[in-house]
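Inside the fold
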Amino acid sequence: MNKLLKGHRPGELTVFTGPTGSGKTTFMSEYSLDLAMQGVSTLWGSFEIRNVRLAKMMLTQFAQKSFGEYLSEFDHWADKFENLPIYFMNFYGQEDLKKVIDTMSHAVYVHDIQHVIIDNLQFMMGMDTHMDRFWKQDLVVSAFRKFASVNNCHVTLVMHPRKEKDSDMLQNASIFGGVKASQEADNILILQDRRLTSQRGKKFLQVGCL
């Protein structure tokens, strides 16, 4: 994927979507590890999975082995993992957008963050039932787009797709909400999971650079 995207590109916004349970977080974890191993300072905003669980998954991916079988090697790999330029926001569940943006700005200043992952954007929407959700989502997407440009930092937004028939392939228009997300994005990644419709179906990544 690095070849397709021509490497890490600062100042851009990537939107990543895929069916529920298709492995979006697992994929982003693997991809962020790859970038971090190349020296790209990364900040994770994991609002759906607690940081301890995410870090455990990333450590297993990093070592490429299960520590249930190789417990004696845990300290070795944990020390190597700790040296990677990966940081985690201390948030979980619904969170105020301004607080998240402020945290990102502080991290860029202190840790020279080059890549921010928000998993996922729906947790920035708040609980205000009086505001149109599509309009609110457009505001949130615009805020992250502005942050990426102003701070010359790549931002990846994980977003849920709209409800589609399992038989239908996801498209750019499948991204939940209005068209703002696809309009603002420099890159759109869609994790297609054809295993939902066929025993021989495969999972693959569709990459679009706009």
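Described below are features of the structure shown in this document. These figures come from a predicted structure and were not determined experimentally.

1. Comments concerning the environment of M104
Relative to the elements of secondary structure, M104 occurs in helix α4 (residues 97–111). We classify M104 as buried; its relative accessible area is 0%. Each C-alpha atom, one on M104 and one on H115, is 10.0 Å from the other, the two residues being 11 residues apart in sequence. Setting aside residues up to four positions removed in sequence, M104 forms contacts with L43, M89, V116, I118, F144, F147 and V155.

2. Points about the packing of aromatic side chains
In the structure shown here, the tally under the stated rule is six aromatic pairs. Relative to Y31, the ring of F27 has its centre 6.3 Å away and its plane inclined at 15°; by these criteria the two rings are stacked. Of this pair, F27 and Y31 both sit in helix α1 (residues 24–37), four residues apart, which is roughly one turn of that helix. Using a relative accessible area of 23% as the deciding quantity, one classes F27 as partly exposed. Note on F67 and F74: the rings are 5.4 Å apart at their centroids and 85° apart in plane angle, and the pair reads as edge-to-face. Classification of F67 as buried rests on a relative accessible area of 12%. F74 sits in the partly exposed class, given a relative accessible area of 34%. Among the aromatic residues, ring-to-ring pairing joins F16, F27 and Y31 into one connected group.

Conventions and cut-offs
Residues numbered from 1 in each chain as written. Predicted model: local features only at pLDDT ≥ 70, side-chain atom pairs only at ≥ 80, totals over all residues. Heavy atoms only, no water. Helix = DSSP H or I, 4+ residues; strand = E, 2+ residues; numbered from the N terminus. Buried < 20%, exposed > 50% of the residue type's maximum accessible area, 1.4 Å probe, protein only. Contact = heavy atoms within 4.5 Å. Phe/Tyr/Trp six-rings, centres within 6.5 Å; stacked < 30°, edge-to-face > 60°.

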